[in-house]
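# Remarks on the overall topology
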Amino acid sequence: TRPAPAVGRDNPDHEEQWPAETYGHEALREYLGKDGRITGCKGMTEAHERKDCKRWVAADEKERSAFTRLKVIDWGKIGGGYIMSELRAKNIHSSPIPWAITLSVKYEPSGLLAKYKSRRYLSGHGQNAKYGEHYTETFSASPSPATTRLIQAICVLMGLKRQCLDICTAYL
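Residue positions are counted from 1 within each chain, in the order its sequence is given. A pLDDT threshold of at least 70 governs which residues receive local features in this predicted model, and a stricter bar of 80 or more applies before side-chain atom pairs are shown or counted, although totals over entire chains, interfaces and linings include all residues. Side-chain calculation: all heavy atoms of the structure are included, whereas hydrogens and water are not.

### Section: helix H3 (residues 53–69)
Operational definition: To qualify as a helix, a DSSP run of H or I must reach at least 4 residues; to qualify as a strand, a run of E must reach at least 2; elements of each kind are numbered from the N terminus. Helix span is expected to be 1.5 Å times the residue number reduced by one. Only protein chains enter the accessibility calculation, which uses a 1.4 Å probe; a residue whose area is less than 20% of its type maximum is buried, one above 50% is exposed, and one in between is partly exposed. Note on contacts: a residue pair qualifies if any of its non-hydrogen atoms lie within 4.5 Å across the two residues.
End to end, H3 covers 24 Å across 17 residues, agreeing with the expected 24 Å (1.5 Å per residue, within 8%). Restricting attention to buried positions, one finds in H3 the residues Cys53, Arg55, Trp56, Ala59, Asp60, Glu63, Ala66 and Phe67. In this structure, the buried side of H3 is in contact with helix H1 (20–23), helix H2 (44–48), strand S1 (99–107) and strand S2 (113–122). In the segment just after H3, Lys71 is the residue with positive phi, at about 55 degrees.

Structure below.
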């Protein structure tokens, strides 16, 4: 059995930008889960109603800026997107696919709050994402368990050391 995760604690490195008296675990007691960690939100509407709204907005702005920086999306003239007539004027005739958002709070293994995290993605499914119109192929970047075991066996046989890394905005 796995040990229970460490109870959530304020990260002293965040104190200057996010003072504990306003954004700490004690101040946000009503949002703590059974494990003592701050819970995520179901969406930005809920996030805007919470005391830690500014942290959610900052996390989402970081996510949106990655899309802009990598020229994945054009947010429109004033950042609120386009209306259908503007899309048609740009010769875009495919139907739009709605956004979805996941808002979560990440913790270090020690229990220190690491960051508020926003992930935006297209919520395409058979009703609104059409093959040939919105996409032409599908792909999964996750290796199968068999592939992972094979790579680990090769590392052991060859005496290689594995390294772990995190790729920011991996799918953009």
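### A word on the pattern of salt bridges
Rule in force here: Whenever a carboxyl oxygen of Asp or Glu lies within 4 Å of a side-chain nitrogen of Lys or Arg, that contact is scored as a salt bridge.
Applying the stated criterion across every chain, the model contains six salt bridges. Residues Arg120 and Asp60 are paired through a salt bridge, measuring 2.8 Å at the closest nitrogen-oxygen approach. Linking Arg120 in strand S2 with Asp60 in helix H3, this pair joins segments that are 60 residues apart in sequence. On the basis of relative accessibility, which here comes to 16%, the residue Arg120 falls in the buried class. Through salt bridges with shared partners, a single ionic network connects Glu46, Arg50 and Asp52.

### Re the environment of His25
Following the sequence through the fold, His25 ends up in the loop between H1 and H2. Given the relative accessible area of 7%, His25 is considered buried. Here His25 is in contact with Gly8, Arg9, Asp10, Leu32, Gly36, Ile38, Tyr107 and Leu113, once residues within four sequence places are set aside.

### Some thoughts on empty space enclosed by the protein
Put simply, the rule reads: Lining residues are those with an atom within 4 Å of a point, where the points come from a 1 Å grid over the protein atoms alone and group into cavities, where a 1.4 Å probe fits but cannot get out, or pockets, open sets with protein on both sides within 12 Å along at least five of seven lines. Grid points are joined across faces, edges and corners, and a volume is the space filled by probe spheres set on the points. Residues are grouped as follows: nonpolar covers Ala, Val, Leu, Ile, Met, Phe, Trp, Tyr, Cys and Pro; charged covers Asp, Glu, Lys and Arg; every other residue, Gly included, is treated as polar.
For the structure shown, the criterion picks out one cavity of 30 Å³ or more. Here the largest cavity defines a volume of roughly 70 Å³. Together, Asp10, Asn11, His14, Glu15, Trp18, Ala20, Tyr23, Gly24, Arg55 and Leu113 line the largest cavity. Residue composition of the lining of the largest cavity, by class: four nonpolar, three polar and three charged.

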